[in-house]
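Architecture at a glance
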Amino acid sequence: MTSSSDRSPAVDVLSTRTYEIRTYGCQMNVHDSERLAGLLEDAGYVRAPEDSDGDADVVVFNTCAVRENADNKLYGNLGHLAPKKASRPGMQIAVGGCLAQKDRDTIVKRAPWVDVVFGTHNIGKLPVLLERARVQEEAQVEIAESLEAFPSTLPTRRESAYAAWVSISVGCNNTCTFCIVPALRGKEKDRRPGDILAEIEALVAEGVSEITLLGQNVNAYGSDIGDREAFSKLLRACGKIDGLERVRFTSPHPRDFTDDVIAAMAETPNVMPQLHMPLQSGSDPILKAMRRSYRQERFLGIIEKVRAAIPHAAISTDIIVGFPGETEEDFQQTLHVVREARFAQAFTFQYSKRPGTPAAEMDGQIPKKVVQERYERLVALQEEISWEENKKQVGRTLELMVAEGEGRKDDTTHRLSGRAPDNRLVHFTKPDQEVRPGDVVTVEVTYAAPHHLLAEGPVLDVRRTRAGDAWEKRTAEKAAKPAGVLLGLPKVGVPEPLPAVSGGCAVD
């Protein structure tokens with residue numbers, strides 16, 4: 001514990017207190033931040049204005065331990081807030097997430113002005129810990145070693161009115177040598193299918209039309225409840241929910257990706273033709289060193305089966321370049337898989353040591369110059385393939401779910417943006433009639449770039465939806481209140497697989 005002199009004195013708690021959440025890392029952290037926001041608002045806090053820049057009464061950092069230099073970034077941000085906190089009586093700072101789970105007491109030793117440190121297993125305690133820190137005027141460090149309650153039981157302030165994350169499990173049973181997440185999130189724990197479906201039905205009743213099933217290793221779902229086909233059954237059950245138009249999931253592990261899941265994807269109309277399947281490396285020796293339980297032949301076999309069952313599926317992946325011991329021949333095997341698989345998109349990463357992982361202590365660490373050169377070759381190849389695959393979309397007629405905040409240049413180009421069923425981003429000509437996020441438009445693709453498509457002709461059809469109604473209602477409610485502040489990651493419109501964190505949290 002640190003002394004009360006390191007924190008600002010208490011103030012009148014009856015006044016309305018504002019909060020800001022800064023989120024780093026994976027999809028699981030984004031969803032956890034939605035829960036943290038829900039908890040704080042349940043406790044009477046109000047979101048700070050969007051331009052508050054650390055002027056909120058409570059600033060919460062939801063951290064990631066997987067990103068390179070994650071600790072330096074955190075302490076830099078904490079240092080930036082220190083003078084603000086010193087000049088503002090009653091301001092509080094809380095640090096949670098994976099880095100908090102890992103570093104624990106270190107945080108208040110290095111930044112004694114922090115009021116609360118909490119872990120990945122006890123996010124529900126944040127309001128209580130803030131109040132305790134205020135009353136006792138000393139830092140509260142509480143890190144649970146195991147999950148106290150499934151996070152989905154907590155209040156949630158969702159960032160989108162029309163699309164939502166739904167956690168089906170937390171934790172991971174894998175032991176990949178480059179990943180520290182299982183040590184921080186714990187062993188896999190599955191939710192009961194009935195609880196998941198009840199949450200989805202409630203979301204649909206509120207206007208949500210797209211959900212993304214979320215887990216550290218999403219298709220291992222069922223291992224904790226003793227049903228090897230639980231995930232495919234869950235996908236089929238989602239297909240029976242009236243009003244649920246789109247179902248996605250992220251991210252599966254090739255080891256657990258079975259034929260019944262492929263069949264469920266192909267035979268369930270609202271499960272989208274999209275798959276994010278992490279490769280990490282195309283080399284069998286490197287996969288073995290990574291403790292990835294599949295090999296190149298198995299991975300390409302899955303891709304072949306998916307394409308046979310779902311011809312228009314867009315497949316994306318994660319790849320690590322420069323893992324310890326990687327030779328030029330190993331790297332050539334990765335390039336071979338990329339050419340064979342023809343990914344629509346690949347999230348590529350240069351290997352960097354993660355303290356606490358077995359890979360960090362391995363012999364054969366690759367020089368930075370070599371890793372950079374291989375990385376550039378991989379990116380150039382994937383850019384070429386992404387562009388070629390996108391060009392195949394030209395001339396196709398697609399239904400897009402209109403997205404919010406995904407087209408950065410939409411205002412200047414007089415376009416709107418949306419996601420195709422396979423999750424490709426499409427910018428389209430703004431029609432004369434009103435179109436709202438969550439509505440569905442039909443367009444013809446006229447141009448392809450490596451990372452997006454254009455539909456420059458007139459919109460062929462506009463379908464107003466309950467999801468659009470929900471967005472309109474939420475927007476009207478926001479207009480009647482002070483502007484909110486967004487989480488640290490980009491706006492969640494239609495959730496898409498974010499770049500993986502070197503095979504870590506929420507993307508295995």
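Values in this document were obtained by computation on a predicted structure and should not be read as measured data.

1. Quick notes on the side chain of Asp 330
Its place among the elements puts Asp 330 in helix H12 (residues 328-341). Residues contacting Asp 330, with those up to four places away along its chain left out, are Ser 283, Pro 285, Ile 286 and Gly 325.

2. Overview of the confidence of the model for the protein
Counting all residues, the mean pLDDT for the protein is 86, and 88% of those residues have values of 70 or more. For residues 7-14, every residue scores under 50 in pLDDT, and the model assigns this stretch 23 contacts once sequence neighbours within four places are set aside. Predicted confidence is poor over residues 483-508, with pLDDT under 50, and the contacts of this stretch with residues over four places away or in other chains come to 126 contacts.

3. Things to note about the sheet that holds strand E1 (residues 18-23)
Sheet strands pair by backbone hydrogen bonding; their relative direction is either parallel or antiparallel. Taken in spatial order, the 6 strands of this open sheet run E2-E1-E3-E4-E5-E6, and their pairing is parallel. A single partner strand is all that each edge strand has here, and the edge strands are strand E2 (46-47) and strand E6 (140-142). Across 3 bridges, the pairing between strand E5 (residues 116-118) and E6 is parallel. Considered in E6, the bridge of Val 116 is made with Gln 140. Contacting E1, E2, strand E3 (58-63) and E5, helix H1 (residues 27-42) crosses the sheet at an angle of about 170 degrees to E1.

4. Regarding the packing of helix H7 (residues 193-205) against helix H8 (residues 230-238)
As a packed pair, H7 and H8 sit with axes 11 Å apart at the nearest point and diverge in direction by 25 degrees. Our classification of the angle between H7 and H8 gives roughly parallel. Crossing of H7 against H8: the hand is right-handed. Across the interface between the two elements, Ile 196, Leu 197 and Ile 200 from H7 touch Leu 234, Ala 237 and Cys 238 from H8. Taken together, the residues of the contact of H7 with H8 sort by class into 6 nonpolar, no polar and no charged.

5. Considerations on the pairing of strand E18 (residues 440-444)
By the criterion of burial, E18 is predominantly enclosed, with 4 of the 5 residues buried. Pairing between E18 and strand E21 (residues 461-463): 3 bridges, direction antiparallel. Counted as the bridge partner of Val 441 is Val 462 from E21.

6. Considering the environment of Val 128
Here Val 128 is to be found in helix H5 (residues 126-136). Here Val 128 falls in the partly exposed class, since its relative accessible area comes to 45%. Along the primary structure Val 128 and Ala 43 are separated by 85 residues, whereas in three dimensions their C-alpha atoms are 9.2 Å apart.

Conventions used here
Residues numbered from 1 in each chain as written. Predicted model: local features only at pLDDT ≥ 70, side-chain atom pairs only at ≥ 80, totals over all residues. Heavy atoms only, no water. Helix = DSSP H or I, 4+ residues; strand = E, 2+ residues; numbered from the N terminus. Contact = heavy atoms within 4.5 Å. pLDDT = per-residue confidence, 0-100. Pairing = 2+ DSSP bridges. Axes fitted to C-alpha atoms, helices over the stretch in contact; angles between N-to-C directions. Parallel < 35°, antiparallel > 145°, perpendicular 65-115°, else oblique. Left-handed = near helix turned anticlockwise from the far one by under 90°. Nonpolar A, V, L, I, M, F, W, Y, C, P; charged D, E, K, R; others polar. Buried < 20%, exposed > 50% of the residue type's maximum accessible area, 1.4 Å probe, protein only.

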